[in-house]
Each structure stands twice: as structure tokens, then as C-alpha cells.
Amino acid sequence: MEASQAPSNATPNPNPNNDFTNNGNSILSSTPVWPTIDGPFGLSEEESLSYARRFYKFGYALLPWLWAVNCFYFWPVLRHSRSFPRIRPYVLRSAVGFTVFSALLSSWALTFAIGGERLFGPIWDQLVMYNVADQLGLTGWS
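Conventions adopted
Residues numbered from 1 in each chain as written. Predicted model: local features only at pLDDT ≥ 70, side-chain atom pairs only at ≥ 80, totals over all residues. Heavy atoms only, no water. Core = buried A, V, L, I, M, F, W, Y, C linked by side-chain atoms within 4.5 Å. Buried < 20%, exposed > 50% of the residue type's maximum accessible area, 1.4 Å probe, protein only. Helix = DSSP H or I, 4+ residues; strand = E, 2+ residues; numbered from the N terminus. Contact = heavy atoms within 4.5 Å. UniProt positions renumbered as here; feature names shortened; annotations may be inferred. Axes fitted to C-alpha atoms, helices over the stretch in contact; angles between N-to-C directions. Parallel < 35°, antiparallel > 145°, perpendicular 65-115°, else oblique. Left-handed = near helix turned anticlockwise from the far one by under 90°. Nonpolar A, V, L, I, M, F, W, Y, C, P; charged D, E, K, R; others polar. Salt bridge = Lys/Arg side-chain N within 4 Å of Asp/Glu carboxyl O.

J.: Can you help me understand the nonpolar core in this one?
T.: Buried together is how nonpolar side chains tend to be arranged in soluble globular proteins. Residues A52, F74, V77, L78, I87, Y90 and V91 are the most contacted members of the largest nonpolar core, which totals 16 residues. In terms of residues, this core owes the most to one element, helix α1 (residues 45–59), which gives four residues. Filtering out sequence-adjacent residues up to four positions away, L78 remains in contact with C71, R88, V91, L92 and A95.

Structure below.
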């Protein structure tokens, strides 16, 4: 009977997450331990610098989706302003580049989708690509 009674100051199921000691791997810490989203399974800081630099540079080679991948993969670096100062400039520039690219692509797509023939007038038939096969006589329809 005595063993089944817990002391009044002990909790029956202590939560291990309530230990707020100076743990570098805590979610509550202000700086991340790893530069990538996959944590300890990810890249070292030197490899991360190399990948972040490559993703940033290849984004200029008309592959701006790599900027989005760079931002996603190095999210801890992007989120915390004081973490990994060597990697952060590449990730931050990738975020700005992808934002500019997305704004330009969206405005171009919306201009053609919403404006259409009313906006461009008679030159619309030369701008659109859905009638290229008809213009070149590749459809075989007469």
C-alpha cells in the first residue's frame, strides 16, 4: 500500500521537456545548432556553405527555383539572424531573388491571363503561343 502512494511533491509523469537548462539542442534556444532543416543528419557547416553558395549562383543561370530550395533547406539560417554568418548572406540573397522572380513571373502571367486581347489589341495573335502550330501549318486542319 505504501508503494502505491506517491509523495505529494512528485509528479506522476514528469515531462522531460520541462528541463529548461542550457541545452543547445532545445527548441527554445535562440540559435540553431544545425544549418539545415534535417538537423544532425544534414550537412556540416563547411558543406552547407558550399551548397548554399552553389544554389545561389546556379539560381542566376535561369534556375531561380534553386533559390527557393536554398531558402527551404537552410531555413534555420534564414530564420535566425545571428546564426551561421558565413552561410546567411547566400540564403538571404536567395530569398530576395526568389521573391523578385516570383513577383515578376506572377505579374507577367496575370497580365496575359487577365488582360488578354483587350489589353494588347490586334498584336495579341502574334504574342500568344497556343496558335503557333496553326500559323506554321503543322496541324493539317484546313
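J.: I'm lost on the UniProt feature "transmembrane region" (unreviewed entry) in the chain in this one. Help?
T.: Under the present numbering, the feature "transmembrane region" (unreviewed entry) in UniProt falls on residues 58–78 and 90–114. Helix makes up 71% of residues 58–78 and strand makes up 0%, while its end C-alpha atoms are separated by 19 Å.

J.: What am I meant to see in the packing of α1 against helix α4 (residues 88–120) here?
T.: The description of two helices packed together rests on the angle between their axes and the distance between the axes. The interhelical angle for the contact between α1 and α4, taken along N-to-C directions, is 30 degrees, at an axis separation of 9 Å. Compared by their axis directions, α1 and α4 come out roughly parallel. Crossing of α1 over α4 shows left-handed handedness. Residues L49, A52, R53 and Y56 of α1 lie in contact with α4, whose contacting residues are Y90, V91, R93 and S94. Here the contact of α1 with α4 is composed, by residue class, of five nonpolar, one polar and two charged.

J.: It is not clear to me how the pattern of salt bridges should be interpreted in this structure. Could you clarify?
T.: When the charged atoms of two side chains lie near each other, side chains of opposite charge can form a pair. All told, the structure shown has one salt bridge when counted by the stated rule. In this structure, the salt-bridge partner of R86 is E46, at a minimum N-O distance of 3.0 Å. Here R86 is found in the loop between α3 (75–79) and α4, whereas its partner E46 is found in helix α1, with 40 residues between them in sequence. Taking the relative accessible area as the measure of exposure, E46 reaches 49% and is therefore partly exposed.

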